[in-house]
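A look at the structure
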Amino acid sequence: MALARRFLPSMSLLRAFEAAARLQSFTAAGAEINLTQSAVSRQIRALEELLGAELFIRERQAVRLTVAGEVYAREIREALQRIAGATLTFRANPEGGTLNLAILPTVGTRWLAPRLPGFLRGNPGITLNLTTRLSPFDFRLEALDAAIHFGAADWPGAELDLLMSETVVPACSPALAERHGFRAPADLLAAPLLHLVSRPDAWERWFALQGVSFGPLRGMLFDQFATAAQSAISGIGVAVLPEFLIEDELARGDLVRALNLPMESAERYYLASPTTRATYPPLDAFRRWIRAEAAGSAGEGG
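Described below are features of the structure shown in this document. The written sequence of each chain sets the order in which its residues are numbered from 1. Only residues with pLDDT of 70 or above have their local features reported here, since the model is predicted, and side-chain atom pairs are shown and tallied only from 80 upward, although totals for entire chains, interfaces and linings are computed over all residues. Only hydrogens and water are set aside; all other atoms, that is, all heavy atoms of the structure, feed into the side-chain values.

Accessible area is worked out with a 1.4 Å probe on protein chains only. A residue is then buried under 20% of its type maximum, exposed over 50%, and partly exposed in between. Strands here mean DSSP runs of E at least two residues long; helices mean DSSP runs of H or I at least four residues long; both are numbered from the N terminus. Buried within helix α9 (residues 202-209) are the following residues: A202, W203, W206 and F207. The arc that holds every buried residue of α9, seen down its axis, measures 125°, which confines them to one face. Exposed side of α9, more than 90 degrees from the buried face: A208 and L209 are the residues found there. Where α9 ends, the next residue or the one after it, G211, has phi of about 75°, a positive value. Directions are taken from the helix axis to each C-beta atom, and the arc is the one they span.

Moving on, we get to the layout of surface pockets. The pocket and cavity definitions rest on a 1 Å grid over protein atoms only: a 1.4 Å probe that fits but cannot leave marks a cavity, an open set with protein on both sides within 12 Å along at least five of seven lines marks a pocket, and residues lining either have an atom within 4 Å of a point. Grid points are joined across faces, edges and corners, and a volume is the space filled by probe spheres set on the points. Each pocket or cavity is described by its volume, and for the largest pocket that value is around 460 Å³. Contributing elements (two or more residues each) for the lining of the largest pocket: α6 (105-112) and β5 (146-151). At 5 residues, the largest contribution of residues to the lining of the largest pocket is made by β5. Its residues placed into classes, the lining of the largest pocket shows 17 nonpolar, 6 polar and 4 charged. Gly is put with the polar residues, along with every residue not named as nonpolar or charged; the nonpolar set is Ala, Val, Leu, Ile, Met, Phe, Trp, Tyr, Cys and Pro, and the charged set is Asp, Glu, Lys and Arg.

Where helix α2 (residues 11-23) contacts helix α3 (residues 26-33), the two axes come as close as 8 Å, and the packing angle between them is 130°. When the interaxial angle is binned, α2 and α3 end up oblique. Once α2 is placed against α3, the crossing between them reads as right-handed. Contact residues: R15, A16, A19, A20, R22 and L23 in α2; F26, A28, A29, E32 and I33 in α3. Only the contacting stretch of a helix is used when fitting its axis, a line to C-alpha atoms as for every element, and angles between N-to-C directions run 0 to 180 degrees. Oblique is the label for any angle not covered by the other classes, which are roughly parallel (under 35 degrees), roughly antiparallel (over 145) and roughly perpendicular (65 to 115). Left-handed describes a crossing whose near helix is turned anticlockwise from the far helix through less than a right angle; right-handed describes the clockwise counterpart. It only takes one pair of heavy atoms within 4.5 Å for two residues to be counted as in contact.

This part covers the nonpolar core. Grouped burial of nonpolar side chains is what soluble globular proteins tend to show. In this text, buried Ala, Val, Leu, Ile, Met, Phe, Trp, Tyr and Cys residues form a nonpolar core when linked through side-chain atoms within 4.5 Å. Counting 41 residues, the largest nonpolar core has L112, L241, Y269, F286 and I290 as its most contacted members. The leading source of residues in this core is helix α12 (residues 281-299), at 6 residues. Residues A21, F56, Y72 and I76 belong to the second largest nonpolar core, which totals 21 residues.

On to empty space enclosed by the protein, then. Here the structure, examined in full by the defined rule, presents 2 cavities of 30 Å³ or more. Each pocket or cavity is described by its volume, and for the largest cavity that value is around 40 Å³. Lining the largest cavity, in full, are L194, H195, L196, R199, A202, W203 and V240. Within the residue set of the lining of the largest cavity, elements represented by two or more residues are β8 (193-196) and α9. Among the elements that make up the lining of the largest cavity, the one with the highest residue count is β8 (3 residues). Considered class by class, the residues forming the lining of the largest cavity number 5 nonpolar, 1 polar and 1 charged. A volume near 30 Å³ is recorded for the second largest cavity. Around the second largest cavity, the lining residues are R199, D201, A202, R205, M263, S265 and E267. For the lining of the second largest cavity, the class distribution of residues is 2 nonpolar, 1 polar and 4 charged.

Now for the packing of aromatic side chains. Any two of the Phe, Tyr and Trp rings considered here, Trp counted by its six-membered ring, make a pair once their centres fall within 6.5 Å; the pair's planes then place it as stacked at under 30 degrees, edge-to-face at over 60, or tilted in between. Enumeration according to the criterion identifies 15 aromatic pairs in this entry. Arranged with centres 5.5 Å apart and planes meeting at 25°, the rings of W203 and F207 form a pair that is stacked. In this pair, W203 and F207 both sit in helix α9, 4 residues apart, roughly one turn of the helix. Each member of the pair, W203 together with F207, is buried. The structure contains a cluster of three or more aromatic residues connected by ring pairs, namely F17, F26, F56 and Y72. For a Lys NZ or an Arg CZ to count as sitting over a ring, it must be within 6 Å of the ring centre and within 35 degrees of the ring normal. Stacked on the ring of F137, the Lys or Arg R133 has its end atom at 5.9 Å from the ring centre. The ring of Y280 carries R277 above its face, with NZ or CZ at 3.9 Å from the centroid.

Shown next, in the form of structure tokens:
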């Protein structure tokens, strides 16, 4: 951090630059942060001297960012927003700490969210913030403490705690099932098949498990579970879906099992966290809680 201080401009310089970059005017920036136009100009000049390059092109009564200035402005704006967010979070909960968690959309809304009140009751001092991520990311570049991951046990720079496996089943609307009259696994080859990006080989694995020979399996491709499930409900086709995520649809009859031939997915659910946060108390509390919840879910057949 001592080395970093050499390249750490003062907050006053950064505030002046961010305002001027956003407003494209030293005068407007000064009005926003209660400085004169000349004071803002001096702040910008001081920052440029520190950086060793110009941030603005000055044209008579107007200014505009250089190409490098645009890139720098975007990064500084993001950094200031993170500082503001950290300050707001601390003010909201100065005692217990904060856990910033990345979730998968459907698992977050259907499995995790209904259980969260139990975690919050047991850990009243912890503030939990949720954001959506569909794929692994670099924890070094994100202000996140952990993520729920579905896939292989592979996430560079992160520790993985196994949560649970999942069972999938071919599901479709009652009308489509009645129209096709599925009786054997090979019958599904004649139906429109829906594919999920997160499980690209699910249909291949399912047909192979049933001993069915098949060629190229074409069909619609979806990057989100909710869209694939809704398309199946609408009668567009048959999708291989996790049973624990479609329990309500099956109970209501919106979806039916095209054939009651479940398959365990090759992938698993994990809690991923950066190795540098291993002893962070809010993360440790959440890790212990979610592993217990996942074990209970598995024990219930979920």
